[in-house]
Amino acid sequence: MTDAAKNKATYEDLYDIADNMIGEIIDGELIAAPRPSRRHSSTIAKITSTVLPPYEYGRGGPGGWIILVEPEIEFGENILVTNLAGWKEERFIWEEEQNPISVIPD
């Protein structure tokens with residue numbers, strides 16, 4: 001099958017992957033990967049516990065940020081799940097019609 005004949009993945013295709021996988025759409029292709037390892041999850045938890053107090057809560061830092069772990073973010077036609085992302089509070093949208101966040105992180 002040629003590249004031109006391939007159908008681009010849609011958001012609905014993400015519902016077809018197994019629950020123990022993380023799905024992303026990159027350049028129109030559905031990419032599924034296993035959930036992170038225990039070591040990876042532990043590292044993200046430690047980073048998050050370091051970042052949240054100053055950035056989200058303003059304890060010893062600027063405050064005014066929204067920090068999310070593994071958010072689904074729309075980058076044009078791509079839908080990515082990053083380990084951690086942050087937005088300045090005034091730019092973040094809490095309610096959107098779709099699940100992927102449409103605002104690019106700061």
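Structure: see above.
Residues numbered from 1 in each chain as written. Predicted model: local features only at pLDDT ≥ 70, side-chain atom pairs only at ≥ 80, totals over all residues. Heavy atoms only, no water.

Caption draft 1: Quick look at the overall build of the protein chain. In terms of helices and strands, the protein chain carries one helix and six strands. If you list the helices and strands of the protein chain from N to C, you get β-β-α-β-β-β-β. Counting only C-alpha atoms and orienting by the principal axes, one finds that the protein chain spans roughly 55 × 30 × 20 Å. The burial tally for the protein chain puts 27% of its 106 residues in the buried class. Here the contacts in the protein chain between residues at least 6 apart in sequence split such that 34% fall between residues at least 24 apart. Surface summary for the protein chain: the accessible area is close to 7,400 Å², and the carbon and sulfur share equals 51%. (Helix = DSSP H or I, 4+ residues; strand = E, 2+ residues; numbered from the N terminus. Buried < 20%, exposed > 50% of the residue type's maximum accessible area, 1.4 Å probe, protein only. Contact = heavy atoms within 4.5 Å. Areas by Shrake-Rupley, 256 points an atom, 1.4 Å probe, with all protein chains shown as cover.)

Caption draft 2: Examining the pairing of strand 2 (residues 29-34) more closely. As judged from the six bridges shared by strand 1 (residues 21-26) and strand 2, these two strands associate in the antiparallel manner. Paired with Ile26 across the two strands is Glu29, which belongs to strand 2. (Pairing = 2+ DSSP bridges.)

Caption draft 3: Structural view of helix 1 (residues 38-55). With 18 residues, helix 1 extends 25 Å from end C-alpha to end C-alpha; this agrees with the ideal 26 Å at 1.5 Å per step. Every buried residue belonging to helix 1 is among Ile44, Thr48, Leu52 and Pro54, and all of these are buried. Taken down its axis, helix 1 places every buried residue within 160° of arc, on the same side. Opposite its buried face, helix 1 presents the exposed residues Arg38, Arg39, Lys46 and Thr50, each directed more than 90 degrees away. Of the surrounding secondary structure, the elements contacted by the buried residues of helix 1 are strand 3 (65-69) and strand 6 (84-88). (Expected span 1.5 Å × (residues − 1). Arc of directions from axis to C-beta.)

Caption draft 4: Molecular detail of the pairing of strand 5 (residues 78-81). Sheet analysis places strand 4 (residues 72-75) next to strand 5, joined by four bridges and oriented antiparallel. Paired with Glu74 across the bridge in strand 5 is Ile79. Where strand 4 folds back onto strand 5 in an antiparallel hairpin, the turn is made up of two residues, including Gly76, whose phi is positive at roughly 65°.

Caption draft 5: Local environment of the side chain of Thr48. Topologically, Thr48 is positioned in helix 1. Beyond its immediate sequence surroundings of up to four residues, Thr48 is in contact with Pro53, Val69 and Leu84.

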